[in-house]
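Residue-level structural notes
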Amino acid sequence: MQPLLSTQPWDEDDGFHEECGVFGVWNATDAAALTALGLHALQHRGQEASGIVALSEKGSFNAHRGLGLVGDIFGDAKVMAGLKGRSAVGHNRYATTGETALRNVQPLFADFEFGGLAVAHNGNLTNAAQLKRALVRRGCLFQSTTDSEVFVHLIAISLYSNVVDRLIDALKQVQGAYSLVALHDGALIGARDPLGVRPLVLGRFGVGEGGAYVLASETCALDIVGAEFVRDIEPGEIVIIDNDGLRSMKPFGRSQSRFCIFEYIYFARPDSVVEGTPVYETRKRIGGELARESHVAADVVVPVPDSGVPAAMGYAAEAGIPFELGIIRNHYVGRTFIEPTDQIRHLGVKLKHSANRPMIEGRRVILVDDSIVRGTTSKKIVEMVRQAGAKEVHMRISSPPTTHSCFYGIDTPEREKLLAANHDVEEMARIIGADSLAFISLDGMYRALGRPGRDAANPGYCDACFTGDYAIPLTDLTGHPERAPALLAANGQ
Ligand code: SF4
């Protein structure tokens, strides 16, 4: 799926947008360079902006932030020379709240009584507006429009004396999804929200005293810097990494884990292992389940690249139908290389995908994609495959119908713009012009993750965009800050 950047005027914005990526390193030579590499591996999680804050050996903080891609922002030796030090945190941004502007680029940094603190946040807070109103009434001056800044002000006004207690105090007041990395002059801190909606992993270089620690959104960022995967940070866990090693705290009590199931379907990089499960293999298993559930006679299975590829491989293997790259993706579609004239707008999807005619012509084609959001891209892809001579086009989707918006850090259109929120599968097939359309079932998706099916009392994952089962209250949206029923049950309340 991987949509074009929404900053492009001719982008129809038909898709989920990745959230953000975070990376932090403690006690390593060239920490900022490692952070830049880590952010580069996490580029798929956000392409609008990046930043790094590094702690120099003299104890001062140096920062560089920019709009654009990691390679463009940190490819300059002079920039990296200004970020010397053995510890650093970094952030890739896709704006889920706040406009795209330099003042919203993270890590955020502030000087407190206890010294400087840099914070990088992946996720979305669902009571940020309410908290912001209260903080502004107390005299807090916000510098950005990002929800993440409430962390900074909550830490600033906390009455606790040390930085970890202040951070916990702040985290207890926020609702929503967050994986955080924070750096002050005495420690690197990592934290995940009590339900663990967004990922965060721990890695390590070397062993024994003097070993360096890494925190990252995904294991692919550990691989690029040569760090060994240690474990996932657990839901509700805070880790404090300093010169004495690593301490872990769980200040929030017990709750059900609700890791974002869409990370497996689309967001995470296929070479990452999230929550102990390899993404690539999971996508193939989802494809296999999809084939079992919605088999149709065909000559060839074709993925919508890139994210549809592993599911299509799994589908083809299960169905015993040849897999072919019948659509080729242009990876070099730039942001501003062409004016958005009507003619260009009409070309639409062809700028990004083109049909590989010899693999399609005269054949019955099964197209496999990861999701349908508004349906505009699917319609154009089906049309393109028909124009390339396909006899039949059957669309298979490796996620259940997306009927609800995400409020936990993934940028989705409003519910009324989601095709599946307004049409049944038959109508959707007609709208996108496919001979048939099928989605994996909810139970099938859970089976691919090694479960017998979806357990409504304890799904174990966030699947709200398919079910509307929002486990974290949507306080800013509803005005009701009370906790959601699933959480009450989990906590025996
Ligand atoms: S609503 Fe969907 S995209 Fe958002 S966190 Fe939940 S599963 Fe992930």
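Residues numbered from 1 in each chain as written. Predicted model: local features only at pLDDT ≥ 70, side-chain atom pairs only at ≥ 80, totals over all residues. Heavy atoms only, no water.

With that settled, consider the overall build of the chain. Secondary structure summary: the chain contains 18 helices and 23 strands in total. Across the 493 residues in the chain, those meeting the buried criterion constitute 59%. Within the chain, contacts between residues separated by at least 24 positions form 69% of all contacts whose residues are at least 6 apart in sequence. Surface accessibility of the chain: about 19300 Å² in total, with carbon and sulfur atoms responsible for 51%. (Helix = DSSP H or I, 4+ residues; strand = E, 2+ residues; numbered from the N terminus. Buried < 20%, exposed > 50% of the residue type's maximum accessible area, 1.4 Å probe, protein only. Contact = heavy atoms within 4.5 Å. Areas by Shrake-Rupley, 256 points an atom, 1.4 Å probe, with all protein chains shown as cover.)

To continue, consider the pattern of salt bridges. This model, assessed by the stated rule, comprises 20 salt bridges. With its nearest N and O atoms 2.3 Å apart, the salt bridge here joins Glu234 to Lys250. With Glu234 in the loop between strand 11 (228–232) and strand 12 (238–242) and Lys250 in the loop between strand 13 (245–249) and strand 14 (259–260), this pair connects stretches of sequence that are 16 residues apart. Two residues, Asp469 and Arg258, come together in a salt bridge whose shortest N-O distance is 3.4 Å. Of this pair, Asp469 sits in the loop between helix 16 (464–467) and helix 17 (475–478) while Arg258 is found in the loop between strand 13 and strand 14, placing the two residues 211 residues apart along the sequence. Note on Asp469: relative accessible area 23%, which makes it partly exposed. Several salt bridges share partner residues, and in doing so they unite Glu289, Arg292, Glu293, Glu318 and Arg447 into one network. (Salt bridge = Lys/Arg side-chain N within 4 Å of Asp/Glu carboxyl O.)

A word on the UniProt feature "binding site: [4Fe-4S] cluster" (unreviewed entry) in the chain. UniProt records the feature "binding site: [4Fe-4S] cluster" (unreviewed entry) at Cys260, Cys406, Cys462 and Cys465, using the numbering of this structure. The greatest C-alpha distance among the residues just named is 10.2 Å, despite their covering 206 residues of sequence, which places them together in space. Assignment of secondary structure puts Cys406 in the loop between strand 21 (392–397) and helix 13 (419–422). Structurally, Cys465 is set in helix 16. (UniProt positions renumbered as here; feature names shortened; annotations may be inferred.)

We now examine the side chain of Ser398. By secondary structure assignment, the location of Ser398 is in the loop between strand 21 and helix 13. The exposure class of Ser398 is buried, given its relative accessible area of 4%. Once you skip the residues sitting within four places of it in the chain, Ser398 turns out to touch Ile265, Ile286, Leu290, Ala311, Asp369, Asp370 and Ile440.

For any pair of aromatic rings, the description consists of the separation of the ring centres together with the inter-plane angle of the planes. Counted under the stated rule, the structure contains eleven aromatic pairs. Here the aromatic cluster, defined as three or more aromatic residues joined through ring pairs, consists of Phe259, Tyr264, Tyr446 and Tyr461. (Phe/Tyr/Trp six-rings, centres within 6.5 Å; stacked < 30°, edge-to-face > 60°.)

So, about the site of the ligand. The ligand sits among 13 residues. The nearest are Cys260, Cys406, Ile410, Cys462 and Cys465. Looking at the shell around the ligand, the elements that each hand over two or more residues are helix 8 (262–267) and helix 16. (Near = heavy atom within 4 Å.)

Turning to the sheet that holds strand 17 (residues 300–303), a few remarks are in order. Taking strand neighbours across the sheet as the criterion, the four strands line up as 17-20-21-22 in an open arrangement whose pairing is parallel. A single partner strand is all that each edge strand has here, and the edge strands are strand 17 and strand 22 (436–439). Averaged over all pairs of adjacent strands, the angle between strand axes in this sheet comes to 20°, irrespective of strand direction. As paired strands, strand 21 and strand 22 are joined by four bridges and run parallel to one another. (Pairing = 2+ DSSP bridges. Axes fitted to C-alpha atoms, helices over the stretch in contact; angles between N-to-C directions.)

Contact geometry for helix 4 (residues 128–137) and helix 5 (residues 149–157): axes closest at 10 Å, N-to-C directions at 45°. Relative to helix 5, the element helix 4 lies oblique. Helix-helix and strand crossings are classified by hand; for helix 4 and helix 5 the assignment is left-handed. Residues Ala128, Leu131, Lys132 and Leu135 of helix 4 pack against Val150, His153, Leu154 and Ile157 of helix 5. Along the lines of polarity and charge, the residues of the contact of helix 4 with helix 5 split into six nonpolar, one polar and one charged. (Parallel < 35°, antiparallel > 145°, perpendicular 65-115°, else oblique. Left-handed = near helix turned anticlockwise from the far one by under 90°. Nonpolar A, V, L, I, M, F, W, Y, C, P; charged D, E, K, R; others polar.)

Next up on the list: the nonpolar core. If you look at the biggest cluster of nonpolar residues, it comprises 44 residues, and the most contacted ones within it are Phe262, Val301, Tyr315, Ile366 and Tyr408. Elements with a contribution of two residues or more to this core: strand 14, helix 8, helix 9 (279–293), helix 10 (309–319), strand 20 (364–369), helix 15 (442–448), strand 23 (461–462) and helix 16. Top element by residues in this core is helix 8. It accounts for five residues. Taken domain by domain, this core gets at least three of its residues from each of domain 1 (20–258) and domain 2 (273–330 + 337–448). (Core = buried A, V, L, I, M, F, W, Y, C linked by side-chain atoms within 4.5 Å. Domains from an automatic or database assignment.)

Moving on to the pairing of strand 2 (residues 49–55). Burial within strand 2 is extensive, with seven of its seven residues counted as buried. The alternating pattern of strand 2 places Ala49, Gly51, Val53 and Leu55 on one face and Ser50, Ile52 and Ala54 on the opposite face, and all of these are buried. Where strand 2 meets strand 3 (residues 61–67), seven bridges bridge the pair, whose relative direction is antiparallel. Residue pairing in the sheet places Ala54 in a bridge with Asn62 of strand 3. In this antiparallel pair of consecutive strands, strand 2 and strand 3, the connection spans five residues, and Gly59 shows a positive phi of 95°. Where strand 2 lies against strand 4 (residues 87–93), seven bridges are found, and the strand directions are antiparallel. The residue bridging Ser50 from the neighbouring strand is Asn92, located in strand 4.

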